[in-house]
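# Chain and residue survey
One letter stands for each residue in the lines below.
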Amino acid sequence: MQSSSVTRALRILDLIARAERPVALKDIAQTLGIPKSTAHGILRDLAQERFVDVHEPAAYTVGIKAFEVGAAHLRVAGVDTVITSELAALTRALEVTAHYAVLDGVEAVYLYKHDPPRSGVQLASSVGARLPAHLTAVGKCGLAWLEPAQVALHVERAVWSDGGEALVRELAGIRERGYADDHGQVAAGVKCVAAPVFDAGGPRGAVGVSYLSGSPTPGPQVTEQVRHAAARLTSILGGSST
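Residues numbered from 1 in each chain as written. Predicted model: local features only at pLDDT ≥ 70, side-chain atom pairs only at ≥ 80, totals over all residues. Heavy atoms only, no water.

Spatially, 6-5-4-9-8-7 is the arrangement adopted by the 6 strands of the open sheet, whose pairing is antiparallel. The open sheet has two edge strands, strand 6 (130-132) and strand 7 (180-183), and neither has a second partner. Strand after strand, the sheet turns through a mean of 30 degrees between neighbouring axes, direction not considered. With respect to the sheet, helix 9 (residues 219-236) is in contact with strand 8 (190-199) and strand 9 (202-212), its orientation differing from that of strand 8 by roughly 20 degrees. (Pairing = 2+ DSSP bridges. Helix = DSSP H or I, 4+ residues; strand = E, 2+ residues; numbered from the N terminus. Axes fitted to C-alpha atoms, helices over the stretch in contact; angles between N-to-C directions. Contact = heavy atoms within 4.5 Å.)

As structure tokens, this is what we get:
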């Protein structure tokens, strides 16, 4: 019996999710043994609902809606509790705002946040907030683990005309040292440090903290604890940064 459209859509999503880079339409059709025109129609519908993202030329990656569906499973499985626990631990240890974000196109989307019990630093990183990825430490963590061509595709409209080459160099440095930072690029007088989190499929998101530039907490201590938190989450999710 021929597979239903729903089954084919799920198999397409599974194929794309397991790939390390955007998957071309012709490769999807060939791998799954379905007509190219049929695959294109399914992908068009998936893209319209944001379950897949479209890249040029015709190639596809998993979209933010697919992540949201997966996040529902994580809530049931208790993984979201692990993330929020790590953020709470960072806040207690450093008395800073901690957050977890994912990359969505040219933006970093903040999914979890934990503020210090006292006033702390109230930032734009509210849950659900979107900020330009190339300006935020968490966003730069996401960009740094993309292929160079993907970086260009994601950020050329935002920065390529005035600093894109500098950004590419910065992202290479982030990938080499394993963390990112920003110094007042989003909010004047506020520093941010973030480290990437990986699952079995590759980069998943980033853990970050934000604090006042004049904070008594030493920078190296902040960086070390953020990297350790990201490494613990990576281990729990079955990922590897290598």
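On we go from here.
This part is about the packing of aromatic side chains. Applying the stated criterion across every chain yields a total of 2 aromatic pairs. With 5.5 Å between their ring centres and 75 degrees between their planes, tryptophan 145 and phenylalanine 198 make a pair best called edge-to-face. Of this pair, tryptophan 145 sits in the loop between helix 6 (137-144) and helix 7 (148-159) while phenylalanine 198 sits in strand 8; the two residues are 53 residues apart in sequence, bridging distant segments of the chain. Judged by its relative accessible area of 3%, phenylalanine 198 is buried. (Phe/Tyr/Trp six-rings, centres within 6.5 Å; stacked < 30°, edge-to-face > 60°. Buried < 20%, exposed > 50% of the residue type's maximum accessible area, 1.4 Å probe, protein only.)

In contact at an axis separation of 10 Å, helix 1 (residues 5-18) and helix 3 (residues 36-48) are set at 75 degrees when each is read in the N-to-C sense. Regarding the angle of helix 1 to helix 3, the classification is roughly perpendicular. Contacts between helix 1 and helix 3 involve Ser5, Arg8, Ala9, Ile12, Leu13 and Ile16 from the first element and Thr38, Ala39, Ile42, Leu43 and Leu46 from the second. Counted by class, the contact of helix 1 with helix 3 contains 8 nonpolar, 2 polar and 1 charged residues. (Parallel < 35°, antiparallel > 145°, perpendicular 65-115°, else oblique. Nonpolar A, V, L, I, M, F, W, Y, C, P; charged D, E, K, R; others polar.)

Our focus in this paragraph is the pairing of strand 5 (residues 107-114). Pairing between strand 4 (residues 97-104) and strand 5: 7 bridges, direction antiparallel. Counted as the bridge partner of tyrosine 100 is tyrosine 112 from strand 5. Taking the residues that link successive antiparallel strands as the turn, the strand 4-strand 5 hairpin has 2 residues, and the phi of glycine 105 there is positive, at about 65 degrees. Direction of pairing for strand 5 relative to strand 6: antiparallel, over a ladder of 3 bridges. Within the sheet, the bridge partner assigned to glutamate 107 lies in strand 6 and is proline 132.

This paragraph deals with helix 3. Between its first and last C-alpha atoms helix 3 spans 18 Å; for 13 residues at 1.5 Å apiece the expected length is 18 Å, and the two agree. Every buried residue of helix 3 is accounted for by Ala39, Gly41, Ile42, Leu43 and Leu46. Buried residues along helix 3 sit in contact with helix 1, helix 2 (25-32), strand 2 (52-55) and strand 3 (59-62). At the exit of helix 3 stands arginine 50, carrying a positive phi of roughly 65 degrees. (Expected span 1.5 Å × (residues − 1).)

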